[in-house]
Each structure stands twice: as C-alpha cells, then as structure tokens.
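Chain by chain, the residues run as shown.
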Amino acid sequence: MLSAISPNERIQYGLHPWTSYVVVPLFALANAGIHITGGLLSDAASSPITLGILVGYVVGKPVGIVGASWLASRKVVHGPRPTISWPVLAGGAAVAGIGFTVSILVSSLAFTGQRLAEAKLGVLASAVLAPLLAWAVFRVVKRLPANVRARQLAGTAQDILDLADDVDPDRDHVRGPDDASVTLVEYGDFECPYCGQAESVIRELLASFGDEVRYVWRHLPLNDVHTRAQLSAEAAEAAGAQGRFWEMYEAMLAHQDALSPRDLGRLAEELGLDVERFWSEIRGHEHAPRVAEDVASADASGVSGTPTFFINGRRHQGTYDIDTLSAAVRAARGRARLVAAGAPSF
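Definitions and cut-offs
- Residues numbered from 1 in each chain as written.
- Predicted model: local features only at pLDDT ≥ 70, side-chain atom pairs only at ≥ 80, totals over all residues.
- Heavy atoms only, no water.
- Buried < 20%, exposed > 50% of the residue type's maximum accessible area, 1.4 Å probe, protein only.
- Helix = DSSP H or I, 4+ residues; strand = E, 2+ residues; numbered from the N terminus.
- Pairing = 2+ DSSP bridges.
- Phe/Tyr/Trp six-rings, centres within 6.5 Å; stacked < 30°, edge-to-face > 60°.
- Axes fitted to C-alpha atoms, helices over the stretch in contact; angles between N-to-C directions.
- Parallel < 35°, antiparallel > 145°, perpendicular 65-115°, else oblique.
- Left-handed = near helix turned anticlockwise from the far one by under 90°.
- Contact = heavy atoms within 4.5 Å.
- Nonpolar A, V, L, I, M, F, W, Y, C, P; charged D, E, K, R; others polar.
- Patch = residues over 30% accessible without salt bridge, like charges linked within 9 Å, V, L, I, M, F, W, Y side chains within 5 Å.
- Areas by Shrake-Rupley, 256 points an atom, 1.4 Å probe, with all protein chains shown as cover.
- Salt bridge = Lys/Arg side-chain N within 4 Å of Asp/Glu carboxyl O.
- Expected span 1.5 Å × (residues − 1).
- Bend = angle between axes of the 7 residues up to and from the residue.

**Student:** Is there a simple way to think about the pairing of strand 4 (residues 308-311) in this case?
**Tutor:** Regular strands place side chains that alternate from one sheet face to the opposite one. Because side chains alternate across strand 4, one face comprises the buried residues Thr308 and Phe310, and the other comprises Phe309 and Ile311, equally buried. Of the pairings in the sheet, the one linking strand 2 (residues 182-188) to strand 4 comprises four bridges and is antiparallel in character. Within strand 4, the residue paired with leucine 184 across the bridge is isoleucine 311. Summarising the sheet, strand 4 and strand 5 (residues 314-315) pair through two bridges and their orientation is antiparallel. Paired with phenylalanine 310 across the two strands is arginine 315, which belongs to strand 5.

**Student:** Help me out: how do you make sense of the packing of aromatic side chains in this one?
**Tutor:** For any two aromatic rings, the description comes down to two numbers: the centre-to-centre distance and the angle of the planes. The tally for this structure, following the rule as stated, stands at 11 aromatic pairs. With a centroid separation of 5.4 Å and 50° between ring planes, the pair formed by phenylalanine 309 and tyrosine 320 is classed as tilted. With a gap of 11 residues between them, phenylalanine 309 in strand 4 and tyrosine 320 in the loop between strand 5 and helix 14 (322-340) connect regions that are remote in the sequence. As far as burial versus exposure is concerned, phenylalanine 309 and tyrosine 320 are alike and both buried. What links up through ring pairs into an aromatic cluster is the set Phe190, Tyr215, Trp217, Phe245, Trp246 and Tyr249.

**Student:** Help me out: how do you make sense of the packing of helix 3 (residues 48-72) against helix 6 (residues 113-142) in this one?
**Tutor:** The relative placement of two packed helices is expressed as an angle between their axes plus a distance between the axes. Contact geometry of helix 3 with helix 6 gives a least axis separation of 8 Å together with a crossing angle of 30°. The orientation of helix 3 relative to helix 6 falls into the category roughly parallel. For the pair helix 3 and helix 6, the sense of crossing is right-handed. In this structure, helix 3 contributes Ile49, Thr50, Ile53, Leu54, Tyr57 and Val58 to the contact, and helix 6 contributes Arg115, Glu118, Ala119, Gly122, Val123, Ala125, Ser126, Leu129, Ala130 and Leu133. Broken down by class, the residue content of the contact of helix 3 with helix 6 amounts to 11 nonpolar, three polar and two charged.

**Student:** How should the packing of helix 10 (residues 245-254) against helix 11 (residues 261-270) be read in this particular structure?
**Tutor:** Viewed as axis vectors pointing N to C, helix 10 and helix 11 meet at an angle of 135°, and their least axial separation amounts to 11 Å. Regarding the angle of helix 10 to helix 11, the classification is oblique. The way helix 10 lies across helix 11 gives a crossing that is right-handed. Judged by residue contacts, Met248, Ala251 and Met252 of helix 10 engage Leu264, Leu267 and Ala268 from helix 11. Across the contact of helix 10 with helix 11, the residue classes tally to six nonpolar, no polar and no charged.

**Student:** Would you mind showing me how to read a nonpolar patch on the surface here?
**Tutor:** A contiguous nonpolar surface patch, about 670 Å² in accessible area, is contributed by Trp18, Tyr21, Val22, Val23, Val24 and Leu26. On the basis of relative accessibility, which here comes to 33%, the residue valine 22 falls in the partly exposed class.

**Student:** I would appreciate a short explanation of helix 9 (residues 229-240) in the present structure.
**Tutor:** Because each turn of an α-helix spans 3.6 residues, side chains separated by three or four positions in sequence point in the same direction. With 12 residues, helix 9 extends 16 Å between its outermost C-alpha atoms, agreeing within 8% with the 16 Å of an ideal straight helix rising 1.5 Å per residue. Within helix 9, nine of the 12 residues are buried, which leaves the element mostly enclosed by the surrounding structure. Those residues of helix 9 that fall on the buried side of the exposure criterion are Ala229, Ser232, Ala233, Glu234, Ala235, Ala236, Glu237, Ala238 and Ala239. Turning to helix 9, the residues buried within the fold contact strand 1 (173-175), strand 3 (213-219), helix 10, helix 11, helix 12 (275-283) and helix 13 (288-300).

**Student:** Help me out: how do you make sense of helix 3 in this one?
**Tutor:** Of all the bends in helix 3, the largest measures some 40° and sits at glycine 56. Listed as buried for helix 3 are Ile49, Thr50, Ile53, Leu54, Tyr57, Val58 and Pro62.

**Student:** Whenever I open this one, the pairing of strand 3 confuses me. Can you help?
**Tutor:** Taking burial as the measure, the seven residues of strand 3 include seven buried ones, the bulk of the element. When strand 1 meets strand 3, the two strands line up antiparallel, connected through three bridges. Among the inter-strand pairings, arginine 175 is bridged to a residue of strand 3, identified as tyrosine 215. Judged from the seven bridges that link them, strand 2 and strand 3 form a sheet pairing that is parallel. The residue of strand 3 that forms the bridge with valine 182 is valine 213.

**Student:** Explain the pattern of salt bridges to me, please; I cannot follow it from the model alone.
**Tutor:** Inspection of the entire model under this criterion finds 12 salt bridges. The salt bridge partner of aspartate 294 is arginine 171, with a shortest N-O separation of 2.7 Å. Here the residue aspartate 294 occupies a position in helix 13, and arginine 171 occupies one in the loop between helix 7 (146-154) and strand 1, the gap between them amounting to 123 residues. Since its relative accessible area comes to 0%, aspartate 294 is described here as buried. A salt bridge links arginine 175 to glutamate 250, with the shortest nitrogen-to-oxygen separation between them at 2.4 Å. On the criterion of sequence distance, the pair formed by arginine 175 in strand 1 and glutamate 250 in helix 10 is long-range, its members being 75 residues apart. The class for arginine 175 is partly exposed, based on a relative accessible area of 24%. The class for glutamate 250 is partly exposed, based on a relative accessible area of 35%.

The following block contains the structure:
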C-alpha cells in the first residue's frame, strides 16, 4: 500500500509493536526480581498481601475512577458532562488496573523476603487480569445496540476540536458536498514530496466514500525548506480566482519538480487561464493574504509540518496510507451516524 511517510517514520511504526509489546515487557519482567515456584503460587493464593493488591488494582481502581467521574459530573456540584461515554470510561478504568514498575518499587520499600515475593506476584497478576477485564468490557461495548450507544454519546460533552478554524465553503477549497458526514482537511505544501504522494491516496479515498466525505485543502508553504512553496500557493489561488484551483492543484502535485515561474506559466496556458491576469495577480501578491490566513489557522491548530490531516475537526495521528485513512474516516462516519440517529439535543 502507498504510504506517504518518511523512511524514518516507516521504521518507527514498523518497530513499535515489537518494542512496546515484546521487548519492553520482557525486559521489565526479567528485572522484576521474582522467582515463581509452585510453593509461592500456593501461598499467594491465600495471602492477604497478594489478594489485596490484586483486588485493589483490578476492582478498586476501576470502581474509584468510574465513581469519582460520576460524582464529579453531577449537576449538584456543577460538574461538566463527561467527554466520553460511560461504557468507554469503564473500559478505560479497567485498563488503569495495570500496575508494574512503581508498584514493584513501593512493594520493595514496604516488604522483604516472602512477603515481597507475594506482593510482586500480586502486581504481576493485576498486569495480566486488568487487560483481560478491559478487553471484556470493550467487547460488550462493541455489541451494544446502536440506539443505546447513541444515547450514551449524546450524554457526553461536545468534541474538543483540534482544528482552530471551521471549514467555510465560501472561503475554503472544498471537494464534496456540504452535507457530507465526514470532513477531511489537509494542510499541505505543493513542493512537499509527501503531499504529492498523499494526493493519490486522497483521490482513492474520495472515490471509495463518494458523497460521504468532503476534502479541504489549506496552504502551509514551508518556505524555509521549499523555495517555491509560497509561489506555488499563490499560483494556485490565482488559478482559483479564475475557477481552476483544483486543476492547478492536481497539475502542481503531479509535477512537483517543475514549479519554476516558467513552468507555472506553461501550466496556466495549458489550463486555459488568462495568463496576463494570472501573472499580474502573482506579481502583485494579491493572494498572499489568503495564503497567510491558512498559515495562521495552521499555527492556531498546532500544525508545523506537511501533510497534516484533520478528520471532523480532530487531528489525525499516525500514517496516512489508504488503509489507515479509510479506517479513520469510517470511525468518524460511524460516530457521526450514531449521534445523528436519534440522539436527543441538549
């Protein structure tokens, strides 16, 4: 699959499952300093230390998190609505039952000998049982009826959007219907090679989802590394002033090694633009303020590199190959449908 990420990022994402789920746990387990025997397991099964740690983590922490969140969200204390639904919060609380390094450190300060071994065994057991409990909770959440999930989502607070400036169809460059359930915003640079690679991914994504997705391009010319980025952005806007933005967008991303003034003039002619008007607007920097507005919105949204994507206002983290973006779009579409499927207004 086409993946518009750098080789360094590709290696990082490829090694992540091995380092996080194999190497680090094995290293931590090897350094836990406990020799597990049949006698230890037999003693731990009735040890108040082992059972206390196990119950405290696997039961106490989830109950405490959910209970404290419920109390804090009550109207009597003027609490805010929770940002996530209660079933999902319960699953997250179950995950919090995992304890390891700090727990073992505290145990080594509080106990010695056989008691320390029993305490460490309780910590290790909680690190196994808590993920299993969380898995079971999320399996139940996944099987909840759509109307139940919609009611749960309706009770949460409004999404905190990462995108500082909402999409404005009268100003932004938009592909797709205004009533699409998913909006994909890209901050890009016409000279950025990864934006060029991402363009084919976006094209495939739009073809797959049809009218359910609208795509928005916003300028973020990285002038410190791409000498023709600003010129290209203003050229796109000059073409847009003549109703040819997307044609110029596609042409420049397809020929990123040919963005000199002569090349842009040739593209303008091929697109049938009024070339004299095109160059007059570029020489006068008439569209520089429009590009600057996009750059300012990128700064306000915490964007510093290209391409950067936002899906329904939330920043997309991770890779932007077709499979990953499609999964993110489907998740956003599903959430939008749940909220719209009979959720009461507040």
